[in-house]
Amino acid sequence: MNGPERLTPEHPDDRNPRSASLDLECAFVDDNVEAFVLRALDLSDQQRIALHLRWCERCRAVAGGYTPIPRMLAASAPLADGPSPAVRDRLMARVAGEMASTRAADTTATTPAAEAAPRKPTASRITLWQRRILPAATAILTIAILLVSAWGIGLQGEIEDLRAQTDQPVTFSGQPLASPRLFTTKPACSNCMGVAQLGADPGKSTAVLMAWGLDPNQTHEVWCMHENGESNRVAVLDVNADGDAMQTLTFGRPIAGYLEIRIVKQNDATPELIFSPKHDMEEASNDISAGSSSM
Amino acid sequence: MSTVPQSITTGHEQDQAHRYPDLEDAALVALMAAQDPKALETLYERHARIVFSFALRIVGDPASAEEIVQEAFFRSWQQATRFTEGRGTYVTWLLSITHNLAIDEIRKRQRRPQRADSADPVLLLANLNDPGLSVEDRAVQGSWREEIEAALRAIPDAQREPIELAYFSGLTQREIADHLGEPLGTIKTRMRLGMRKLRETLEQREVGLT
């Protein structure tokens, strides 16, 4: 493979003091972008670039320059006469059948007997979860993160480690960084029905994740992007039939250094839920500096 | 992106309210998201031929291609609400679904593992460079087809082959190297050179890499 070759004359991050680590990912994109748009990379490399592109505008532009090619390859197929009329008939019959079964399900769902039937997550169901189950689950999660935080007491040492690893001054105005806290996701799209909380000591790399309202028919993954430019898949979520998941996650670095932690559908470019630990910590730090206490 | 018209009605009222063939794809997808089967039917009439041609190019037999066409349109019906959040043109999205289905079909036939999909690059980047009239539409209309074919012919066989094996057979670079009995590095280099040459050629021919 040839060495990294810049496809654009100026890298937008060249003026960024942290560009060296970001450049590693950008150079990887430069080396593999042609294979990426053809989906010819091994899965891990394919996902590595896909995740990087979600954050890096410069590499999105580079890759975007190649995406017309697969589209043109698709359009280059010799034009055939078209499918037989029976295909359209089967399609429309299938759609009619699905609409009928949806209407029947909606009607049945209004009767008490429907309570036991399996359902997909809905807005009202999420509300129920949030009203009844979420408080109890949060209590469990709080206990869990207290256990996580009990794994290490060396508070000052943790702060020093964090300073060294993030390469950024850590100024949390006297508030103990090692205090466990709950991070809550924000939905990444208007259709994203899930909600999740991450319990963690921000100075540590272990966290407990609880999520509700995920689509049980989809495979969900947890991806993270560190402020140093690293992006990794952390785990595949074990989502139960009700769309809930709870598991311990181990990150490569302390939680506080992550710009984003995302829950994404494996087959979908759109993230479902996003944690922003670094932003949340900075906001909390600002609140503390301003005299309020949010931690 | 068009939104669902405010006065969605049903049945005959819809037929009177919308002149479906005159509506753009995005408006039809919005209607489809509101569970209007007439919108799907219109989109099918408009795009079934290119979807079938594309599927046939990959799987090789009409019966399988027809099954893929039906499945691709049905999935677009089911997922129409998600499309409205910005995924480029409908036909780009539809062909991406078709591509996945067709590649899975041939991998199944060859007893290769189904492809564990990552995000589709074309969809991931669709909002960057999807022109109003899509590349695919123009190709169907014939205005760009010759240009595209000429651009493909312009790159050496050794470079075009890995590109076509990746795209039309769903092979990874590693699988292509095994298939052709060439070192992996050679395949990577040929693919990169071929893609760059293809891009340059298309740009020179002004085939609209916008």
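Counting from 1, residues in each chain are numbered in the order their sequence is written. Labels follow written order: the first chain is A, the first ligand is 1, and so on. Per-residue local features are limited, in this predicted model, to residues with pLDDT of at least 70; the limit for side-chain atom pairs, both in listing and counting, is 80 or more; totals at the level of whole chains, interfaces and linings are taken over all residues.

**Q** Sorry if this is basic, but what is going on with the overall build of chain A here?
**A** Helix and strand definitions here come from DSSP, where helices need a minimum of 4 consecutive H or I residues and strands a minimum of 2 consecutive E residues; each element is numbered from the N-terminal end. Helix and strand counts for chain A stand at 8 helices and 9 strands. With C-beta atoms placed from the backbone, a residue is buried if 20 or more other C-beta atoms are within 10 Å of its own, exposed if 12 or fewer are, and partly exposed between those counts. Taking all 295 residues of chain A together, 37% fall into the buried category. C-beta atoms are first placed from the backbone for all residues, and any pair lying within 7 Å is then listed as a contact. Of all intrachain contacts in chain A linking residues separated by at least 6 positions in sequence, the fraction that spans at least 24 positions is 64%.

**Q** What am I meant to see in the overall build of chain B here?
**A** Helix and strand content of chain B: 12 helices and 0 strands. Along chain B, helices and strands appear, N-terminal first, in the series α-α-α-α-α-α-α-α-α-α-α-α. Within the span of chain B, comprising 210 residues, buried residues form 44% of the whole. Partitioning the contacts of chain B with sequence separation of at least 6, the portion at a separation of at least 24 is 63%.

**Q** It is not clear to me how unusual backbone geometry should be interpreted in this structure. Could you clarify?
**A** Residues apart from glycine generally show negative phi values, whereas peptide bonds are mostly found in trans. A positive phi angle, close to 60 degrees, is found at Arg39 of chain A, a residue other than glycine. Mapped onto the elements, Arg39 of chain A comes out in the loop between helix 1 (19-37) and helix 2 (43-55). The phi dihedral of Gln35 of chain B is positive, around 70 degrees, even though this residue is not glycine. Tracing the sequence through the fold places Gln35 of chain B in the loop between helix 2 (25-33) and helix 3 (37-59). For Gln35 of chain B, a count of 18 C-beta atoms within 10 Å corresponds to the partly exposed category.

**Q** What is the right way to read the nonpolar core from this model?
**A** Buried Ala, Val, Leu, Ile, Met, Phe, Trp, Tyr and Cys residues whose C-beta atoms connect them within 7 Å together make up a nonpolar core. One finds Ala211 of chain A together with Val51, Ala55, Val69 and Ala166 of chain B to be the most contacted residues of the largest nonpolar core, which totals 104 residues. Element by element, the count of residues in this core is highest for helix 3 of chain B, at 13 residues. Not counting chain neighbours up to four residues away, the residues in contact with Val69 of chain B comprise Pro83 and Val87 of chain A together with Ala48, Val51, Phe52 and Ala55 of chain B.

**Q** How should I be thinking about the sheet that holds strand 1 (residues 181-184) of chain A in this particular structure?
**A** For sheets, the rule is that strands pair by backbone hydrogen bonds, running either parallel or antiparallel. All names here are of chain A. Think of it this way: DSSP has to see at least two bridges between two strands before they count as a pair. The strand order 1-3-4-7 describes an open sheet built from 4 strands, whose pairing is antiparallel. Taken across any chain shown, the strands that pair with only one partner, and hence form the sheet edges, are strand 1 and strand 7 (245-250). For this sheet, the mean inter-axis angle between neighbouring strands, taken without regard to orientation, is 25 degrees. The pairing of strand 3 (residues 195-200) with strand 4 (residues 206-212) spans 6 bridges and is antiparallel. Each bridged residue has a counterpart across the sheet, and for Val195 the counterpart in strand 4 is Trp212. Interaxial angle, 0 to 180 degrees, is taken between N-to-C directions of lines fitted to C-alpha atoms, where a helix line uses only the stretch in contact.

**Q** Could you clarify how one ought to interpret helix 4 (residues 68-75) of chain A in this entry?
**A** The α-helix winds at 3.6 residues per turn, so residues separated by three or four positions along the chain end up facing the same way. When you tally the buried positions in helix 4 of chain A, you get 8 out of 8 residues, the bulk of the element. Residues Pro68, Ile69, Pro70, Arg71, Met72, Leu73, Ala74 and Ala75 of chain A constitute the buried set of helix 4 of chain A.

**Q** I tried to follow the packing of helix 11 (residues 173-180) of chain B against helix 12 (residues 184-204) of chain B on my own but got confused; where do I start?
**A** The relative placement of two packed helices is expressed as an angle between their axes plus a distance between the axes. Residues and elements named next belong to chain B. In contact at an axis separation of 9 Å, helix 11 and helix 12 are set at 115 degrees when each is read in the N-to-C sense. Taken as axis vectors, helix 11 and helix 12 run roughly perpendicular relative to one another. Viewed along their axes, helix 11 and helix 12 form a crossing whose handedness is right-handed. For the pair formed by helix 11 and helix 12, the contact residues are Gln173, Arg174, Ile176 and Ala177 on the first element and Leu184, Ile187, Lys188 and Met191 on the second. Residue polarity is assigned by list, with Asp, Glu, Lys and Arg as charged and Ala, Val, Leu, Ile, Met, Phe, Trp, Tyr, Cys and Pro as nonpolar; anything else, Gly included, falls into the polar class. Of the residues assigned to the contact of helix 11 with helix 12, the class counts are 5 nonpolar, 1 polar and 2 charged. For classification purposes, angles smaller than 35 degrees are called roughly parallel, those larger than 145 roughly antiparallel, those between 65 and 115 roughly perpendicular, and all remaining angles oblique. Crossing handedness: left-handed means the near helix sits turned counterclockwise from the far one by under a right angle, and right-handed means the same turn made clockwise.

**Q** Explain the confidence of the model for chain A to me, please; I cannot follow it from the model alone.
**A** Low pLDDT marks stretches whose predicted atomic positions should not be read closely. All names here are of chain A. Each residue carries a pLDDT score, the predictor's own confidence in it, on a scale running from 0 to 100. Here chain A averages 70 in pLDDT, and 60% of its residues register 70 or above. Predicted confidence for residues 162-178 stays below pLDDT 50, and this span has 33 contacts to residues more than four positions away or in other chains. Contacts of residues 291-295 to residues separated by more than four positions or lying in other chains number 8 contacts, the stretch itself having pLDDT below 50.

**Q** What am I meant to see in the pairing of strand 4 of chain A here?
**A** Within a regular strand, the side chains alternate between the two sheet faces. All names here are of chain A. Within strand 4, 6 of the 7 residues are buried, which leaves it mostly tucked inside the rest of the structure. Where strand 3 folds back onto strand 4 in an antiparallel hairpin, the turn is made up of 5 residues. As paired strands, strand 4 and strand 7 are joined by 6 bridges and run antiparallel to one another. The partner of Leu209 across the bridge, within strand 7, is Gln247.

**Q** Where do I start with the environment of Cys224 of chain A in this structure?
**A** Tracing the sequence through the fold places Cys224 of chain A in strand 5 (residues 220-226). For Cys224 of chain A, the residues in contact, after removing those within four places along its chain, are Ser231, Asn232, Val234, Phe251, Tyr258, Glu260 and Ile261 of chain A.

**Q** What exactly am I supposed to notice about the packing of helix 3 of chain B against helix 6 (residues 90-109) of chain B here?
**A** Residue and element names in this part refer to chain B. Packing of helix 3 against helix 6 leaves a shortest axis separation of 10 Å and a crossing angle of 35 degrees. Classified by chirality, the crossing of helix 6 by helix 3 is right-handed. When helix 3 is examined against helix 6, the residues Leu43, His47, Val51, Phe54, Ala55, Ile58 and Val59 are found in contact with a partner set consisting of Tyr90, Val91, Leu94, Leu95, Thr98, Ala102, Ile103, Glu105 and Ile106. Of the residues belonging to the contact of helix 3 with helix 6, the class tally is 13 nonpolar, 2 polar and 1 charged.

**Q** Can you help me understand the environment of Arg71 of chain A in this one?
**A** By the secondary structure assignment, Arg71 of chain A is in helix 4. The spatial distance from the C-alpha of Arg71 of chain A to the C-alpha of Leu38 of chain A is 10.0 Å, given a sequence separation of 33 residues.

**Q** Looking at this structure, how should I read the confidence of the model for chain B?
**A** Residue and element names in this part refer to chain B. Summing up the model confidence of chain B, the mean pLDDT is 80 and the portion of residues at 70 or higher is 70%. Taken as a whole, residues 1-9 scores under 50 in pLDDT and shows 16 contacts with residues more than four places along the chain or in a different chain. Counting contacts from residues 129-133, a segment whose pLDDT is below 50, to residues more than four positions away or on other chains yields 10 contacts.

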